Amino acid sequence: MRRSPERADRAERLRRVRPAPAVVHRAVRVTAAACAGFYTFRYGLDRPVSATYALFAAIALGVLARVEGSARTRARTILWTLPAAWALVCLGTVLAVHSWAAALGMVGVGFAVSYGSVGGPRMVGLANGLQLLYILPCFPPYSPDTLPQRLLGVTAGLLLLAAAELLLWPEPAPPDYRGRLARAALALAELADLAADACAGRPAAPGAVTAAADRARARLDELRFSRVPVMERPAGAGAVDRALTHCAAALRYAGPQLLRILRLARPYPGAARLTAVTAQALRAAAAGLPRTGPVPDTGVLERELAAFDAARAAEPRPDRTDRADRGGCSDRTDRTDRTDRGGHSDRARPALGTAALDAAEGARFVVRAVRVGRRAPLPPDETPADQRPGPFWYAYDPAPLLRWRRFRANLTPRSVAFRNALRTAGALGAARLLAGGLDLSHGFWVLLATLTLMRTSAADTRMTLRPALVGTALGAAATAAVLLAVGEHPLVYALALPPVMLIAFTAGPALGQAWGQGLFTLVVALVFTQLAPASWRLAEARVVNVAAGAAIGLLAGLCAWPRGGAQDLRRRTAALLEDSADALRETVAVLTGTGRPGGALRRARTSALLTEAMYAQYRCERHDPAGDGPSWQAAVLAGQHAVRGAEPLLARIPPGTAAPHRGGARVLVGHADEVAAAFRRQAAALRAREPAGAAHPAVARARAALVAELDGGPAPGSDGRVSLHAVDVAVWLAGLLDDLQQIHEPG
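Residues numbered from 1 in each chain as written. Predicted model: local features only at pLDDT ≥ 70, side-chain atom pairs only at ≥ 80, totals over all residues. Heavy atoms only, no water.

## Re the overall build of the chain
Phase 1 of the analysis: Along the chain, the regular secondary structure elements total 29 helices and zero strands.
Phase 2 of the analysis: Taking all 747 residues of the chain together, the buried fraction comes to 54%.
Phase 3 of the analysis: Long-range pairs, those at least 24 residues apart, make up 82% of the contacts in the chain with a sequence separation of at least 6.
Phase 4 of the analysis: Carbon and sulfur atoms form 60% of the exposed surface of the chain, whose accessible area is close to 31,300 Å². (Helix = DSSP H or I, 4+ residues; strand = E, 2+ residues; numbered from the N terminus. Buried < 20%, exposed > 50% of the residue type's maximum accessible area, 1.4 Å probe, protein only. Contact = heavy atoms within 4.5 Å. Areas by Shrake-Rupley, 256 points an atom, 1.4 Å probe, with all protein chains shown as cover.)

Here you go:
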């Protein structure tokens, strides 16, 4: 008998969550901190106001917020929020004088706290908890004289929660992003060793190469943000987080180059030495990624890069006429197996040298990024003044300036963080006005429901409504039954609160929205019956408030960007491809001396960041799996590779030397125009919502033309020989067309 999809999903959720002790441990810590503060102030000191704020402060940062890391890190983060908590409680207490003042304050606080998520994942995790610290005091009664008691309760609640994090089942530090980077670097180092052996005439067994390649791909796949918990992502505005992200991008760039070396491998001593040094650099980077490891250096790799580039330039180079001499053979594999009379590999040798250089450049970028991540000094920015900012521009700027640039760059409706902040602020402000205008009892529940149930799209918000309302209704029914049966006996409620709270904070995350809302309804009833006499109408008020809050969240989702990330991901990705087209065209113009920098590469970097944020939100939303669409990840990677490939070329090739002769420059610029046109055709296909693969034939034709020219020796010098820098640029352009071809695969 087959189970329904709903029952199968529920069974899978139970199987996945039940074994995790972290949920139970966290529930114990929050319950202990909340109940200790509440009972101390309520029964020990007879301060019900402080008791209320101590309990809800612990719940705000222990349940609503996501504070990750080791026990010390979590405790430190909680303590760092104390000044912000004091400010929010003071502001809410003062603005509670009028409903309109509280609502305006809610709009401002809602936007500021939500928009603060652009500063990094830590703020993302704290946002909902900080919102609650304003929501609670901004409701009547207006009692500024109780502000000291409120601040005392909040302080005690957060201190108790920090102590619980350190003393009750302290969890070890989870594997962080540095560990993922180190494992990826080691996997690529193993691949580089095999590539070096192959270039030295000692090819490994095919099975060993396949296994190493699979391990490298798996390790690189672990670096994708969609595979990394939110709190572990290096998404902050500071130089360290930027460097770790840059390190991941450089590793993803170096991986395909090493695989290309293995495909083209033939005896080439210079490439073997360079690739061996690349493996050493990757291992040094892996050892330096932990904060206690040795800081790596690029000296040896840079010397080997310069030596290899000089030796490669001095080698006899194939002539374009070789192709005609060989009868116009078009089979690429057949040509790459031939050698010239000097014993050198023929057409594959320049491409092999380019792949070895690109892999080494990727490793050099990895080592430099690790040095920035370890706050080690970097040499002065070697980027020419007219090409700045260079790839590591952030390493030379102070942290406050970097944060300001991040905040300023996201102050646009194109930014998903800006739009989410506006949606949150508008919904919470409307909820506060409604609760005040209708004089709802316990009106802060309306805002709490809006805050916890609203999602980034109307569809996702609607999906949370039914379980939330059903759970609240069932919890309210249980609450009403308890209140009618027990009556006014606070001792019973005091004894029942800890176990019920523990069950609620354990079963809620494990069993879903309905259980969480239902059990939390019972928890708040047990709390408020100890503060003042209550009847079964407390349960009724809870249902009404949650329904009102959920309705406001749904309306906000319908009115403000109802499709969430899916609505603009297509448009945002198309803009990224267009910016990438401008960047690659400008890069080739600079390298060939036919143009000057105009900021296109910088704009493409910014566009890539905005698109990555939009894609990350898209991955968090529900979508129709049968929907016809392109591979969004491949489209984002195409834009990233355009930027990451341009950076090492601009760092290695002096401007104007890629094709020093007019004919070669014209040929190379023509290829760049073709690739840029392919990027723009793909962007136009996305904007027009054409089926996946609509632009694929044009991209394939452009790639075939470029590969044919590359095989024939692109951009010759005055003597008819191939310009090696032109080969480097042409291989990069061909790789970008390979990336574009992946977009036609639905995903």
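## Re the pattern of salt bridges
Phase 1 of the analysis: Enumeration over the complete set of coordinates arrives at 17 salt bridges.
Phase 2 of the analysis: The closest approach of N and O atoms between Arg364 and Glu361, which form a salt bridge, is 3.0 Å. Separated by three residues within a single helix, Arg364 and Glu361 lie in helix α16 (residues 348-373), roughly one turn from each other.
Phase 3 of the analysis: A salt bridge links Asp582 to Arg680; the nearest nitrogen and oxygen atoms lie 2.5 Å apart. A residue pair is termed long-range when its members are at least 10 positions apart, and Asp582 in helix α24 (residues 565-592) and Arg680 in helix α27 (residues 662-687) qualify at 98 residues.
Phase 4 of the analysis: Overall, Arg680 belongs to the partly exposed group, its relative accessible area being 36%.
Phase 5 of the analysis: Several salt bridges converge on common partners, so that one network encompasses Glu302, Glu361, Arg364 and Arg368. (Salt bridge = Lys/Arg side-chain N within 4 Å of Asp/Glu carboxyl O.)

## Quick notes on the confidence of the model for the chain
Phase 1 of the analysis: Summing up the model confidence of the chain, the mean pLDDT is 78 and the portion of residues at 70 or higher is 80%.
Phase 2 of the analysis: Within the model, the stretch residues 1-19 combines pLDDT values under 50 with nine contacts to residues more than four positions away or in other chains.
Phase 3 of the analysis: Counting contacts from residues 320-345, a segment whose pLDDT is below 50, to residues more than four positions away or on other chains yields 40 contacts. (pLDDT = per-residue confidence, 0-100.)

## Topic: the packing of aromatic side chains
Phase 1 of the analysis: Summed over all chains, the structure comprises eight aromatic pairs.
Phase 2 of the analysis: Between Tyr115 and Phe418, the ring centres sit 6.3 Å apart and the planes meet at 90°, which makes this aromatic pair edge-to-face. You can see Tyr115 sitting in helix α6 (residues 99-115) and its partner Phe418 sitting in helix α18 (residues 416-437), a full 303 residues away along the chain.
Phase 3 of the analysis: Here Phe418 falls in the buried class, since its relative accessible area comes to 16%.
Phase 4 of the analysis: Here the aromatic residues Phe111, Tyr115, Phe407 and Phe418 are joined through ring pairs into a cluster of three or more.
Phase 5 of the analysis: Above the face of the Tyr43 ring, Arg42 is positioned so that its terminal group lies 5.4 Å from the ring centre.
Phase 6 of the analysis: Just above the ring of Phe139 sits the side chain of Arg432; from NZ or CZ to the centre is 4.2 Å. (Phe/Tyr/Trp six-rings, centres within 6.5 Å; stacked < 30°, edge-to-face > 60°. Lys NZ or Arg CZ within 6 Å of the ring centre and 35° of its normal.)

## Section: unusual backbone geometry
Phase 1 of the analysis: The peptide bond linking Pro140 to Pro141 adopts the cis configuration, its omega dihedral lying at 5°.
Phase 2 of the analysis: At Asp46, a position not held by glycine, the phi torsion is positive, near 55°.
Phase 3 of the analysis: Relative to the helices and strands, Asp46 resides in the loop between α2 (21-44) and α3 (48-64).
Phase 4 of the analysis: A positive phi angle, close to 60°, is found at Arg375, a residue other than glycine.
Phase 5 of the analysis: On the basis of relative accessible area, Arg375 is assigned to the exposed category, the value being 69%.

## A short note on the nonpolar core
Phase 1 of the analysis: With 77 residues, the main nonpolar core has Leu55 and Leu497 as its most contacted residues.
Phase 2 of the analysis: Top contributing element to this core by residue count: α3, with ten residues.
Phase 3 of the analysis: Beyond its immediate chain neighbours, meaning those up to four positions away, Leu55 contacts Ala34, Phe38, Leu497, Met501 and Val527.
Phase 4 of the analysis: Counting 66 residues, the second-largest nonpolar core is a separate cluster that includes Leu258, Leu264, Ala272 and Val367. (Core = buried A, V, L, I, M, F, W, Y, C linked by side-chain atoms within 4.5 Å.)

## Considering α6
Phase 1 of the analysis: Under the 1.5 Å per step criterion, the end-to-end length of α6 is 24 Å for 17 residues, consistent within 8% with the ideal 24 Å.
Phase 2 of the analysis: Among the residues making up α6, those that are buried are Ala101, Ala102, Ala103, Gly105, Met106, Val109, Gly110, Val113, Ser114 and Tyr115.
Phase 3 of the analysis: Looking at the packing, one finds that the buried side of α6 touches α5 (82-95), α7 (121-135), α17 (399-409), α18 and α19 (444-453). (Expected span 1.5 Å × (residues − 1).)

## A closer look at the packing of helix α9 (residues 177-199) against helix α12 (residues 269-288)
Phase 1 of the analysis: Between α9 and α12, the shortest axis-to-axis distance is 8 Å and the interhelical angle comes to 165°. Judged by the angle between their axes, α9 and α12 are roughly antiparallel. The crossing of α9 and α12 is left-handed. In this structure, α9 uses Ala182, Ala185, Leu186, Leu188, Ala189, Glu190, Ala192, Asp193, Ala195, Ala196 and Cys199 to contact α12, whose residues at the interface are Pro269, Ala271, Ala272, Thr275, Ala276, Ala279, Leu282, Arg283 and Ala286.
Phase 2 of the analysis: Along the lines of polarity and charge, the residues of the contact of α9 with α12 split into 16 nonpolar, one polar and three charged. (Axes fitted to C-alpha atoms, helices over the stretch in contact; angles between N-to-C directions. Parallel < 35°, antiparallel > 145°, perpendicular 65-115°, else oblique. Left-handed = near helix turned anticlockwise from the far one by under 90°. Nonpolar A, V, L, I, M, F, W, Y, C, P; charged D, E, K, R; others polar.)

## As for the packing of α5 against α6
Phase 1 of the analysis: At a minimum axis distance of 8 Å, the contact between α5 and α6 shows a crossing angle of 155°. Relative to α6, the element α5 is oriented roughly antiparallel. Mapping the contact onto sequence places Leu88, Leu91 and Leu95 in α5 and Ala101, Ala102, Gly105 and Val109 in α6.
Phase 2 of the analysis: Of the residues that constitute the contact of α5 with α6, the class distribution is six nonpolar, one polar and no charged.

## Observations regarding helix α13 (residues 299-314)
Given 3.6 residues per helical turn, the α-helix brings residues three or four places apart onto the same face.
Phase 1 of the analysis: Its 16 residues give α13 an end-to-end C-alpha distance of 23 Å, which sits within 8% of 22 Å, the value for a rise of 1.5 Å per residue.
Phase 2 of the analysis: Within α13, burial applies to Gly299, Leu301, Glu304, Leu305, Phe308, Asp309 and Arg312.

## Looking at the environment of Ala477
Phase 1 of the analysis: If you trace the backbone, Ala477 turns up in helix α20 (residues 458-486).
Phase 2 of the analysis: Residues Ala477 and Glu540, 63 residues apart in the sequence, show an inter-C-alpha distance of 8.6 Å.

## Concerning the side chain of Thr587
Phase 1 of the analysis: Secondary-structure assignment places Thr587 in helix α24.
Phase 2 of the analysis: Discounting chain neighbours no more than four positions away, the residues touching Thr587 are Ala646, Leu650 and Trp732.

## Brief notes about the environment of Ala449
Phase 1 of the analysis: You can see Ala449 is positioned in helix α19.
Phase 2 of the analysis: As a C-alpha pair, Ala449 and Asn545 span 96 residues in sequence and 7.7 Å in three-dimensional space.
Phase 3 of the analysis: When neighbours within four sequence positions are excluded, Ala449 is seen to be in contact with Met454, Asn545, Val546, Gly549 and Ala550.

## Examining the environment of Glu647
Phase 1 of the analysis: Here Glu647 is to be found in helix α26 (residues 632-652).
Phase 2 of the analysis: The sequence separation of Glu647 and Pro391 amounts to 256 residues, and the corresponding C-alpha distance is 6.3 Å.
Phase 3 of the analysis: Those residues in contact with Glu647 that sit more than four places away from it in its chain are His246, Phe365, Pro391 and Arg605.

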